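# Report on the structure
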Amino acid sequence: MSGYSGTDCQIPSVPSSFAPGHGEGLEDKGCGNGTWTSVEQLVAVPVRPFTFTEAPQTITAGGQYGVLEYHGSISKPHHPGEAEFYLLRGVLTENEAAQLLATCSQALSEAIGSGKGRDLDVDGRPRFAVEVAELGVLDGKGSALRPLVETVLLPLVRQKYGQTAALSSACFRRFVPEERRFIPPHQEYDSFAVMTIALQESASYTGGFFLQGSGKAFVDRKFLQLGRGDLCIFQYDLCHGVDVQEGSHLELVLHFKDSPQAVADGSCPWYSKMVEVGDPDGLFGHALSLVKKDFPAAKEFVEKACEQDHVEALYTAAEWFWDSPFGLEESQNSSASVELWRRAAELGHCRSRSRLGSLLMQGVPGRLQQDIWEGKRLLRLAFEQDDPDAAFHLGQALLQDGDRDGVTKLLAACAKGHPRACFQVAELYREGQFQFPKDLRQSVRYTKWAAHQGDAQALSNLGHLLINGMGVVKDEAKAVRLFRHAAKLGAAEGMLNYGLALLRGSGGVKVDYQEALEWAQKSAALGHSLAHQQLSTFFNAAKNPNPPARCVPSSMQELCSLGVKELRDLLRLEGIDFSDCIEKSDLLARAALHLPGVTEPWDAAPEHTMLLEPKRINKEILRQRGQLPSQGCQGNGKSGADRDPTALDGAIKQGATSSGTQRSEVIPGLSQAEKLPEVFELAD
């Protein structure tokens, strides 16, 4: 027994029925003898394509002739009227899409591998995206995008929505197995116009970008099949989301405001006329633009929108009354929050049903009385609207009651990538409960999925598996890094495990008795029983003024003082490959890459090996795109040469060799969970 704490210890914020060793609530109460299907076999929202009623028009975009433009509209959920959008086929050539994919995917992979690219999305979960433009300025990662924006994309937006429109921001994001799979229906209130560009063929994934015409996900959710180089343009009033049910989807999303001044000051002036006539959408959008600048004024506009039963305003006002965004305790009003959530839930708002239902299931002492029946009713309604949070909370409640249907709800949440649901399913596979087979491989898969999204308990459990070599390659250095992340995120097991690592110098970490004691005390304060039992050990160690010297060198000078054998032992302990190092200088260079201060790897990130080979491009296509000089081709827009003036001389050569030489990343269709070595060995 290594002494490191896994899930065999008490798990905070998880029902005791889930803790191994506590059978109460987890026995198979009349569940039958069947076994469960996998997440991939669950029935998801049908992928119904949107049907255009109007015939497409042929337009010219950036020197490319014959671009098909489809115009469509869909009802606004909870509000009268329809939202319009445009779908354009083949605006980007294969090589342009390949170049963007190569540049952006490499930047995103590096960011995710170091724990970045994790800004929160509309649902409060990591985006797994990298910014290529901020405040209208394209950075180095957006160099390949600059000519396209100037000659193709921005003119298209200005043609549709006004000549003063300006680029505000742009990001590249991906939806791959064991990462993001779903973005709930929402509107882009802070953008005047939005453009989504697909960088992969539609055959590489199932689902993708969808439009939501009402709260009925299984009836009114329509998908747009976007192929490589296709784009969709829409405004702030379109309710949309992403649901990738199979495969991988990569896209570029550009946000525009109505003027360069609006980009500079972060304002949303297009709502002004709507505010004057009392339009609830305009009132709410204007309020959101004022939150950081003038919160009292923003609250006033939200209240005006609430008077007209604007469901998003009702939900937002309820959140502000429940927990003020600026910590203003005098603004808290639990009864007002519940009343607003109830009103929005009555109007069919999915998030209000899920939020209020989960609170009623638990109850909040002094603020909200527990009501399990009403909580389950609201959660079921939200689950029918395809809400992952509702699926998780409902599944958890049903499992506590011994209801087999709870597992179905958890698996449905897993299919959407819900981190807590992934963690619970990992535990069910590990323990073999509720007719789940004991499957360490599947348990590791879901543990990694939850950990990659920042779930503190999953990070600690993954470290526990690594440090003991349970179903994975043993790696103390990675385990300790995961313990540190879990401890900082508030997991009691992570705090204790990291304290033990500091106490022993595991994984090459510097021994620090005082810091080890602090983490053990924090874990004990959260009620961790094993931490209470081992506190005396930490106190005794903290009395020792001379801890052992086993630690990782912290400077190049300390590295140089080590011999060849010591350097090899150090690299081996850190889990660093040095098989190609011959001289001592090679070992020093390899070890220097892992000195303190160097970007630390995000060990929970799955590996996604990508390969991109653009199609060959002939002279006629190059001439059509303007990348070959031609006296017979003229168009209304700028030629492709304006996008990249240096490409004229080498265009033919580049097109002829790109198929064999230009390589980047393409997500393979095979799930990483099906490749045992890649799943079980974390990436450095």
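For every chain, the first residue of the written sequence is number 1, and numbering continues from 1 onward in sequence order. Under the rules for a predicted model, residues below a pLDDT of 70 receive no local features and side-chain atom pairs below 80 are neither given nor counted, while totals for whole chains, interfaces and linings still include all residues. Only hydrogens and water are removed before side-chain values are computed, so all heavy atoms of the structure are retained for them.

Per an unreviewed UniProt entry, the recorded name for the protein chain is Fe2OG dioxygenase domain-containing protein, and the organism is Durusdinium trenchii. UniProt positions are given in the numbering used here, feature names are shortened, and annotations may be inferred rather than shown by experiment. Within the UniProt record for the protein chain, the comment given under Sequence similarities (unreviewed entry) is "Belongs to the sel-1 family."

### Details of the sheet that holds strand 7 (residues 182-186)
Pairing between the strands of a sheet is mediated by backbone hydrogen bonds and can be parallel or antiparallel. The sheet built from four strands is open, its strands ordered 7-12-9-10 with antiparallel pairing. Since the sheet does not close on itself, it has two edges, and those belong to strand 7 and strand 10 (221-223), each with one partner. Neighbouring strand axes in the sheet, compared pairwise and without regard to direction, differ in orientation by 30 degrees on average. Where strand 9 (residues 205-212) and strand 10 come together, three bridges link them in antiparallel fashion. Across the sheet, the residue bridging to F210 is F223, located in strand 10. When DSSP finds two or more bridges between a pair of strands, those strands are recorded as paired. In this text, helices come from DSSP runs of H or I with a minimum length of four residues, and strands from runs of E with a minimum of two, each type numbered from the N-terminal end. Each axis is a line fitted through C-alpha atoms, taken for helices only over the stretch in contact, and angles between the N-to-C directions span 0 to 180 degrees.

### Quick notes on the pattern of salt bridges
Pairs may arise between side chains of opposite charge once their charged atoms sit close together. A side-chain nitrogen of Lys or Arg and a carboxyl oxygen of Asp or Glu constitute a salt bridge if their distance falls within 4 Å. One pass over the structure, following the stated rule, counts 29 salt bridges. Of the charged contacts, one joins R355 and E319 as a salt bridge, the two residues approaching to 2.7 Å between their closest N and O atoms. You can see R355 sitting in helix 10 (residues 350-362) and its partner E319 sitting in helix 8 (residues 311-322), a full 36 residues away along the chain. Among the ionic contacts, a cluster of salt bridges with common partners joins D121, D123, R125, R180 and D389.

### Regarding the packing of helix 9 (residues 334-346) against helix 10
As a packed pair, helix 9 and helix 10 sit with axes 8 Å apart at the nearest point and diverge in direction by 130 degrees. Relative to helix 10, helix 9 is oriented oblique. The element helix 9 and its partner helix 10 pack so that their crossing is left-handed. In this structure, helix 9 uses V338, W341, R342, A344 and A345 to contact helix 10, whose residues at the interface are S352, R353, R355, L356, L359 and L360. Under this grouping Gly is polar, as are all residues other than the nonpolar Ala, Val, Leu, Ile, Met, Phe, Trp, Tyr, Cys and Pro and the charged Asp, Glu, Lys and Arg. Looking at the contact of helix 9 with helix 10 residue by residue, the classes come out as seven nonpolar, one polar and three charged. Roughly parallel here means an angle under 35 degrees, roughly antiparallel means over 145, roughly perpendicular means 65 to 115, and every remaining angle is called oblique. Left-handed describes a crossing in which the near helix is turned anticlockwise from the far one by less than a right angle; the clockwise case is right-handed. Here, two residues are considered to be in contact whenever any of their heavy atoms come within 4.5 Å of each other.

### Focus: the state of the cysteines
What counts as a disulfide here is a pair of cysteine sulfur atoms lying within 2.5 Å. One pass over the full model with this rule turns up zero disulfides. For the unlinked cysteine C171, the closest cysteine sulfur is that of C104, found at 9.7 Å.

### Description of the sheet that holds strand 11 (residues 231-235)
The strand order 1-2-3-11-8-13-6-4-5 describes an open sheet built from nine strands, whose pairing is antiparallel. Every other strand in the sheet has two partners, leaving strand 1 (57-61) and strand 5 (137-138) as the edge strands with one partner each. Bridging between strand 4 (residues 129-134) and strand 5 involves two bridges; their strand directions are antiparallel. By the bridge assignment, A133 is partnered in strand 5 with L138. Each of strand 4, strand 6 (166-175) and strand 13 (249-257) is contacted by helix 1 (residues 94-113), which is oriented at about 70 degrees to strand 6, the strand it contacts most.

### Looking at the packing of aromatic side chains
A pair of Phe, Tyr and Trp rings is counted when the ring centres sit within 6.5 Å of each other, with Trp represented by its six-membered ring. The angle between the planes then sorts it: under 30 degrees is stacked, over 60 is edge-to-face, the rest tilted. In this structure the tally under the stated criterion is 19 aromatic pairs. Their ring planes at 25 degrees and their centres at 6.4 Å tell us that Y236 and W270 sit as a pair that is stacked. Linking Y236 in the loop between strand 11 and strand 12 (240-247) with W270 in the loop between helix 4 (260-265) and helix 5 (272-276), this pair joins segments that are 34 residues apart in sequence. Relative accessibility decides the category of a residue: with a 1.4 Å probe and only protein chains considered, values under 20% of the type maximum give buried, values over 50% give exposed, and everything between is partly exposed. When its relative accessible area of 9% is taken as the criterion, W270 is described as buried. Ring geometry for W270 against Y271: centres 5.4 Å apart, planes inclined by 45 degrees, an arrangement best described as tilted. Since its relative accessible area comes to 0%, Y271 is described here as buried. The structure contains a cluster of three or more aromatic residues connected by ring pairs, namely Y161, F192, Y236, W270 and Y271. To sit over a ring, a charge needs its Lys NZ or Arg CZ within 6 Å of the ring centre and within 35 degrees of the ring normal. The ring of F210 is capped by R221, whose NZ or CZ atom sits 4.2 Å from the centre of that ring. It is R367 that lies over the ring of W322; its NZ or CZ is 3.9 Å from the centre.

### A few points about the environment of A390
Among the structural elements, A390 can be located in helix 12 (residues 388-400). We classify A390 as buried; its relative accessible area is 0%.

### Examining the pairing of strand 7
Successive side chains on a regular strand alternate, one facing one side of the sheet and the next facing the other. Summarising burial for strand 7: four of the five residues are buried, a large majority. In this sheet, strand 12 lies alongside strand 7 in antiparallel orientation, the contact comprising three bridges. Note on strand 12: the bridge partner recorded for H186 is H240.

### Quick look at the packing of helix 10 against helix 11 (residues 372-384)
Packing of helix 10 against helix 11 leaves a shortest axis separation of 8 Å and a crossing angle of 150 degrees. On the basis of their axis angle, the class for helix 10 and helix 11 is roughly antiparallel. The handedness of the crossing between helix 10 and helix 11 comes out as left-handed. Mapping the contact onto sequence places C350, R353, S354, L356, G357, S358, L360 and M361 in helix 10 and I372, E374, G375, K376, L378, L379, L381 and A382 in helix 11. The residue makeup of the contact of helix 10 with helix 11, split by class, is nine nonpolar, four polar and three charged.

### Some words on the side chain of R118
One can find R118 in the loop between helix 1 and strand 4. Think of a polar contact as two N or O atoms within 3.5 Å of one another; within protein, one of them needs to be a possible hydrogen donor and the other a possible acceptor, and neighboring residues in sequence only count if both atoms come from side chains. A distance of 2.6 Å separates the side chain of R118 from the backbone oxygen of H452, its partner in a polar contact.

### Side note on helix 1
The span expected for a helix works out to 1.5 Å for each residue beyond the first. With 20 residues, helix 1 ought to run about 28 Å at 1.5 Å a step, and its terminal C-alpha atoms sit 28 Å apart, in line with that. Of the residues one or two after helix 1, G115 is the one with positive phi, at around 85 degrees.

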